[in-house]
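Inside the fold
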Amino acid sequence: MSAEKREFQAEVAKLLDIVVHSLYSNKEIFLRELISNASDACDKLRYAAVTQPELAEGDGAWRITLIPDKAAGTLTVTDNGIGMNRDDLIANLGTIAKSGTAEFMSRLTGDSKADMTLIGQFGVGFYSAFMVASDVTVTTRKAGEDQGWCWTSEGKGEFTVTEAEAARGAAITLTLRDGESEFLDPHRLRAIVKRYSDHIAIPVVLKDGDKEETLNSASALWTRSKSDITPEQYKEFYHHVAHAFDDPWLTIHYKAEGAIEYTGLLYVPGSKPLDIFHPDRKQHVKLYVKRVFISDESEELLPPYLRFLRGVVDSQDLPLNISREMLQHNPVLAKIKAGLVKRVLAELKKKAEDAEGDYATFWDTFGAVLKEGIYEDFERKADILELCRFRTTAGESLASLAEVAGRLKEGQDEIYYVTGDDVAALKKSPQLEGFLAKGIEVLLLTDPIDEFWVPAVGEYAGKRLRSVTEGDVDLAKVAGGDAAAQPEPEPQDGGIDTLVAALKLSLGERVKDVRASARLTSSPVCLVADSGQMSMHLEKLLKAHRQLDQDSARVLEVNPKHPLIKGLAAKVASSGREAIDDMAWLLLDQARIVEGEPPADPADFARRLAAVMEKGLGG
Ligand code: ADP
Ligand code: MG
């Protein structure tokens, strides 16, 4: 059969171009990537062979071999794992299937230094071979199939796939570029394997002529005792198991003994994985049974709100021949899950208490994910709430609910919050003015998830959680604050009532109601939700996701103390309602704009604004 030439997916071609043309400071990591893939391939076949022993073809002595060939200038990495057939080759080595790829690509700038940092987080895996190789050949046969295949490429936009003789597993041969011959040197290879791949659970053998030498410890890292593992080794294992390239923020390694026995080696990553908000909310910790890899997507192992965790869990109690289907509703696994959740939350609590600043970085990275647990894990709700941190109007640092509850003003029996897109904009919300004037602390909630857990929880330590944008919040009962800045009772001249009635008539259906406000101090108007109405921020989120296509009418509050409002009241009294009709609409649009909404009708808005400005000039 003739060779079949194909083009790389556009994303791969772009990635390869960056990989090859950027000066990567530690090119040696290509070997870690190839060994990591070889180890994954052996894990996959070992698991498949539990139920289909014939797949192993009598060879279950898993190993990875490095073969430097000085004469040919090539380095070959072989394994006797699962291998690939033609379709696998095209899918796995011609495209990037990783979720988050599109977002990753869109963040590449073309500036090689910035891009390299990004790639460092994303990882280039197999393609890193092209950092040192002018061409790469993969000769492979998939377990259980007769036909072997050869994939070859110079990493320049195309690759070729041909039928070939091949042993089960894969052999990756790199023709090293000029100047890269160090990767043929046994000393160098020994040092690289020791540094990056010592934790690999199967032997990595160097074949130098007739001599064979195992370079790694070849025992699963998590089975070793903590005192025998260096921080570097923990980190390298994290890179392997998580397919990640950052430093872990937290490493948790423990052995559960008693009714259920398992070992957990779990990591909290230092940076946000690109797919953390992917709708499938998959967890990523790998499940092993007596050191045999079973699954890296068992949903029964950890709840979605801990999906930022990476690592392995190795059970002594599950049967080795357990199928992935049997994992569902398995009572042993349910107990392991409960134990893991408890342990992880306890470790996070320790960090929150002992290392506040460090915990803040975790919170900024994964807080929005953890908060999902507040309403998804009824049993752990209280524990998770204690782990939550918030920005508030009281200062720059993060606060816990306990701290906020401890700082309530005299007479304050509710904890107030406001939801929106970002802290800076929220701090300027007109609805907050009365609270700020009285020195009442308000939680500034900016994660979409906040719209869901807050109503679900309802209260903390007996204090109701209340949005400042609710229409009937009563600030009069709370003591304190700068008297001058506080909202005054409305003037008793009755002018405001006439104005409110006039505004209602002008705006009609477009507002739910018009009211004189007690919460405004410096803004003339704001919008609030009537009690029982959906919050304005939630409505905005739903509209953005096309879950909702029209907005509901809101309550327009006017500030009786504001000169503009006083002036309008006087105008209505002297000249009648029609005299302020344009201004009524402008007030409503102004309140919308402050909320980050467009004017209800931009053309009308522009026309009225021009008319009012013209009058201003004339007067
Ligand atoms: P990742 O390991 O993160 O999935 P890589 O770029 O390192 O990404 O590898 C891409 C895919 O190619 C792997 O997921 C695997 O399916 C396949 N692959 C790579 N090397 C091997 C190998 N030695 N044996 C079998 N499959 C392999
Ligand atoms: Mg890989």
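Not measured: the values here are computed from a predicted model.

In the vicinity of ligand 1, the contacting residues are Asn37, Ala41, Lys44, Asp79, Met84, Asn92, Leu93, Gly125, Phe126, Ala170 and His243. In the model, a nitrogen atom of ligand 1 is placed 2.9 Å from a nitrogen or oxygen of the Asp79 side chain. Relative to its unbound accessible surface of 530 Å², ligand 1 loses 81% to contact with the protein. When residues of the shell around ligand 1 are assigned to their parent elements, the largest contribution, three residues, is made by helix α2 (residues 29-51).

In this section: the pairing of strand β17 (residues 414-419). Among the six residues of β17, six are classified as buried, and the element is accordingly described as predominantly covered. Of the two faces of β17, both are covered, the one formed by Glu414, Tyr416 and Val418 as well as the one formed by Ile415, Tyr417 and Thr419. Two strands pair when backbone bridges link them, and β17 and strand β18 (residues 442-445) are joined in this way by four bridges, in the parallel orientation. From the neighbouring strand, Tyr416 faces β18, where its bridge partner is Val442.

Let us now look at the side chain of Glu372. Assignment of secondary structure puts Glu372 in helix α10 (residues 372-376). Relative accessible area serves as the criterion here: at 7%, Glu372 is assigned to the buried category. When near neighbours in sequence (up to four residues on either side) are disregarded, Glu372 contacts Phe277, Arg281, Tyr305, Arg307 and Ile449.

Turning our attention to the pairing of strand β16 (residues 395-399). Across two bridges, the pairing between strand β15 (residues 390-392) and β16 is antiparallel. Looking across to β16, one finds that Phe390 is bridged to Ala399. Counting the residues in the hairpin turn of β15 and β16 gives two residues.

A few words now on empty space enclosed by the protein. Counted by the stated rule, this structure contains three cavities of 30 Å³ or more. In this structure, the largest cavity spans a volume of roughly 130 Å³. If you list the elements that add at least two residues to the lining of the largest cavity, you get α2, α7 (231-242) and β12 (286-289). The leading source of residues in the lining of the largest cavity is α2, at four residues.

Glancing now at the packing of α2 against α7. Here α2 crosses α7 at 60 degrees, and the two axes come no closer than 10 Å. One way to sum up the angle between α2 and α7 is to call them oblique. Read as a crossing pair, α2 and α7 show a hand that is right-handed. Along the contact surface, α2 presents Arg32, Ser36, Ser39 and Asp40, while α7 presents Glu236, His239 and His240. Grouping the constituent residues of the contact of α2 with α7 by class yields no nonpolar, four polar and three charged.

What follows covers the sheet that holds strand β3 (residues 74-79). Ordered by their spatial adjacency, nine strands build an open sheet running β1-β6-β5-β4-β7-β3-β2-β8-β9, and the pairing between neighbours is mixed. The two strands at the open ends of the sheet, each matched to only one other strand, are β1 (4-7) and β9 (211-214). The sheet shows a mean angle of 20 degrees between the axes of neighbouring strands, taken without regard to direction. Note that β3 and strand β7 (residues 169-176) share six bridges and pair antiparallel.

Before going further, it helps to examine the sheet that holds strand β14 (residues 310-315). The sheet built from five strands is open, its strands ordered β10-β11-β14-β12-β13 with mixed pairing. Of all strands in the sheet, those with a lone pairing partner are β10 (248-256) and β13 (292-295), marking the two edges. On average, each strand axis in the sheet is tilted by 20 degrees relative to the strand beside it, whichever way the strands run. Pairing of β10 with strand β11 (residues 262-269) involves eight bridges; the strand directions are antiparallel. Each residue of the ladder has a partner; that of Thr251, found in β11, is Tyr267. Contacts between α7 and the sheet are confined to β10, β11, β12 and β14, with β11 contributing the most and set at about 85 degrees to the helix.

Turning next to unusual backbone geometry. With the exception of glycine, most residues fall at negative phi, and the peptide bonds are largely trans. The phi angle at Glu57 is positive, at roughly 50 degrees, despite the residue not being glycine. Judged by its relative accessible area of 40%, Glu57 falls in the partly exposed class. With a phi close to 50 degrees, Arg281 is a non-glycine residue in the positive phi region.

Rules and cut-offs
- Residues numbered from 1 in each chain as written.
- Chains lettered and ligands numbered in written order.
- Predicted model: local features only at pLDDT ≥ 70, side-chain atom pairs only at ≥ 80, totals over all residues.
- Heavy atoms only, no water.
- Near = heavy atom within 4 Å.
- Polar contact = N/O pair within 3.5 Å; in protein donor to acceptor, adjacent residues only side chain to side chain.
- Areas by Shrake-Rupley, 256 points an atom, 1.4 Å probe, with all protein chains shown as cover.
- Helix = DSSP H or I, 4+ residues; strand = E, 2+ residues; numbered from the N terminus.
- Buried < 20%, exposed > 50% of the residue type's maximum accessible area, 1.4 Å probe, protein only.
- Pairing = 2+ DSSP bridges.
- Contact = heavy atoms within 4.5 Å.
- 1 Å grid on protein atoms, 1.4 Å probe; cavity = no way out; pocket = protein on both sides within 12 Å on 5 of 7 lines; lining within 4 Å.
- Points joined across faces, edges and corners; volume = space filled by probe spheres on them.
- Axes fitted to C-alpha atoms, helices over the stretch in contact; angles between N-to-C directions.
- Parallel < 35°, antiparallel > 145°, perpendicular 65-115°, else oblique.
- Left-handed = near helix turned anticlockwise from the far one by under 90°.
- Nonpolar A, V, L, I, M, F, W, Y, C, P; charged D, E, K, R; others polar.

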